[in-house]
Amino acid sequence: MKFFIDTANLAQIKEAQDLGVLDGVTTNPSLMAKEGITGAENVKNHYLKICEIVDGDVSAEVIATDLEGMKKEGDALAALHPQIVVKIPMIKDGVKALKYFSDKGIKTNCTLVFSAGQALLAAKAGASYVSPFIGRLDDISTDGLALIEQIRIIYDNYGFATEILAASVRHTMHVIECAEIGADVMTGPLSSIEGLLKHPLTDSGLATFLADHAKAAQ
Ligand code: G3P
């Protein structure tokens, strides 16, 4: 399972990278805005900075919602750096854009996916990644993890190469359950990755080991 971090915050990306378990980064227009990154040049430079920190795929989302606009913007994003994956929304022109980029050999991440039907369409159009938003489904009392299970079955039935990127992951249990189901990738905040480290018995066990060692050394 690949671990992506879902942020545009450079310090958090570096922290996850330094842990040695990071496989990539996902961003979106809200996450870029949160870091105060506005203007084409600043956005471009920010993506380049992210690519310098991580070795893996970096999803950069188009703002355009029409096919020609998405093609133009996506081509420019892909030309920035070989690690850039063009993130395309699940709308009608988005499906056409996925096919356009897939035919050109440019990697894509189909975002804002909330149903198995949308995930099937994204795979048919040749998306490299499909991003079902599990946290946002949970927010409206719909089982986000059940959607990951459904997509896993569908993709396995037909051998689709599209990777299931569980997005809108909010906490460590999402990560663990996505791993049990067989999501190819998860993207979440730094806390969802670092949370995997924690267990009170690890902390108390280590404290005892160190105290016993100190006593024996006296
Ligand atoms: O990767 C999608 C993600 O950015 C959405 O997460 O927490 O805003 O639902 P969230």
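A brief look at the structure comes next. Computed from a predicted model, the values in this text were never measured in an experiment.

## Some remarks on the overall build of the protein
For step 1, the next point in the chain: Secondary structure summary: the protein contains eleven helices and eight strands in total.
For step 2, the next point in the chain: Taken along its principal axes, the extent of the C-alpha atoms in the protein is 75 × 40 × 30 Å.
For step 3, the next point in the chain: The buried share of the protein, taken over its 218 residues, is 45%.
For step 4, the next point in the chain: Across the protein, the fraction of contacts at a sequence separation of at least 24, relative to all contacts at a separation of at least 6, is 55%.
For step 5, the next point in the chain: Of the side chains in the protein, 19 bear a positive and 28 a negative charge, and the two mean positions are spaced by 6 Å.

## Some points on the site of the ligand
For step 1, the next point in the chain: The environment of the ligand is made up of Asp6, Asn28, Phe133, Arg136, Ala167, Ser168, Arg170 and Thr187.
For step 2, the next point in the chain: The side chain of Asp6 places a nitrogen or oxygen atom 2.6 Å from an oxygen atom of the ligand.
For step 3, the next point in the chain: Contact distances for the ligand include 2.7 Å between an oxygen atom and a side-chain N or O atom of Arg136.
For step 4, the next point in the chain: Taking 310 Å² as the accessible area of the ligand by itself, protein coverage stands at 82%.
For step 5, the next point in the chain: For the shell around the ligand, the class distribution of residues is two nonpolar, three polar and three charged.

## Digging into the packing of aromatic side chains
For step 1, the next point in the chain: The final tally for this structure, using the stated rule, is five aromatic pairs.
For step 2, the next point in the chain: Their ring planes at 75 degrees and their centres at 5.7 Å tell us that Phe4 and Tyr129 sit as a pair that is edge-to-face. A residue pair is termed long-range when its members are at least 10 positions apart, and Phe4 in strand E1 (residues 2-6) and Tyr129 in strand E6 (residues 129-132) qualify at 125 residues.
For step 3, the next point in the chain: On the accessibility criterion, Phe4 (1% relative accessible area) is buried.
For step 4, the next point in the chain: The class for Tyr129 is buried, based on a relative accessible area of 1%.
For step 5, the next point in the chain: An aromatic cluster of at least three residues, connected via ring pairs, comprises Tyr155, Tyr158 and Phe160.

## Concerning helix H6 (residues 116-124)
For step 1, the next point in the chain: Where H6 is concerned, the buried positions are Ala116, Ala119, Ala122 and Ala123. Projection of H6 onto a plane perpendicular to its axis shows the buried side chains occupying an angular sector of 120 degrees, all on one side.
For step 2, the next point in the chain: On its buried face, H6 is in contact with helix H5 (92-104), strand E5 (108-113), E6 and helix H8 (144-158).
For step 3, the next point in the chain: Positive backbone phi, approximately 90 degrees, marks Gly126, located one or two places after H6.

## Regarding a nonpolar patch on the surface
For step 1, the next point in the chain: Residues Met173, Ile176 and Leu196 make up a contiguous nonpolar surface patch of about 230 Å² in total accessible area.
For step 2, the next point in the chain: Topologically, Leu196 is positioned in the loop between helix H10 (190-194) and helix H11 (200-217).
For step 3, the next point in the chain: On the basis of relative accessibility, which here comes to 33%, the residue Leu196 falls in the partly exposed class.

## Side note on the environment of Leu147
For step 1, the next point in the chain: By the element assignment, Leu147 lies in helix H8.
For step 2, the next point in the chain: Counting along the chain gives 19 residues from Leu147 to Ala166, while the straight-line C-alpha distance between them is 9.7 Å.
For step 3, the next point in the chain: The residues touching Leu147, leaving out its near neighbours within four places in the chain, are Val113, Phe114, Ser115, Ala116, Pro132 and Leu137.

## Focus: the packing of H8 against helix H9 (residues 172-181)
For step 1, the next point in the chain: H9 packs onto H8 with a crossing angle of 20 degrees between their chain directions and a minimal axis gap of 10 Å. The orientation of H8 relative to H9 falls into the category roughly parallel. Judged by the twist between their axes, the crossing of H8 over H9 is right-handed. Contacts between H8 and H9 involve Leu145, Ile148, Glu149 and Arg152 from the former and His174, Glu177, Cys178 and Ile181 from the latter.
For step 2, the next point in the chain: Across the contact of H8 with H9, the residue classes tally to four nonpolar, one polar and three charged.

Rules and cut-offs
- Residues numbered from 1 in each chain as written.
- Predicted model: local features only at pLDDT ≥ 70, side-chain atom pairs only at ≥ 80, totals over all residues.
- Heavy atoms only, no water.
- Helix = DSSP H or I, 4+ residues; strand = E, 2+ residues; numbered from the N terminus.
- Buried < 20%, exposed > 50% of the residue type's maximum accessible area, 1.4 Å probe, protein only.
- Contact = heavy atoms within 4.5 Å.
- Lys, Arg positive; Asp, Glu negative; His and termini not counted.
- Charge placed at Lys NZ, Arg CZ, Asp CG, Glu CD.
- Near = heavy atom within 4 Å.
- Polar contact = N/O pair within 3.5 Å; in protein donor to acceptor, adjacent residues only side chain to side chain.
- Areas by Shrake-Rupley, 256 points an atom, 1.4 Å probe, with all protein chains shown as cover.
- Nonpolar A, V, L, I, M, F, W, Y, C, P; charged D, E, K, R; others polar.
- Phe/Tyr/Trp six-rings, centres within 6.5 Å; stacked < 30°, edge-to-face > 60°.
- Arc of directions from axis to C-beta.
- Patch = residues over 30% accessible without salt bridge, like charges linked within 9 Å, V, L, I, M, F, W, Y side chains within 5 Å.
- Salt bridge = Lys/Arg side-chain N within 4 Å of Asp/Glu carboxyl O.
- Axes fitted to C-alpha atoms, helices over the stretch in contact; angles between N-to-C directions.
- Parallel < 35°, antiparallel > 145°, perpendicular 65-115°, else oblique.
- Left-handed = near helix turned anticlockwise from the far one by under 90°.

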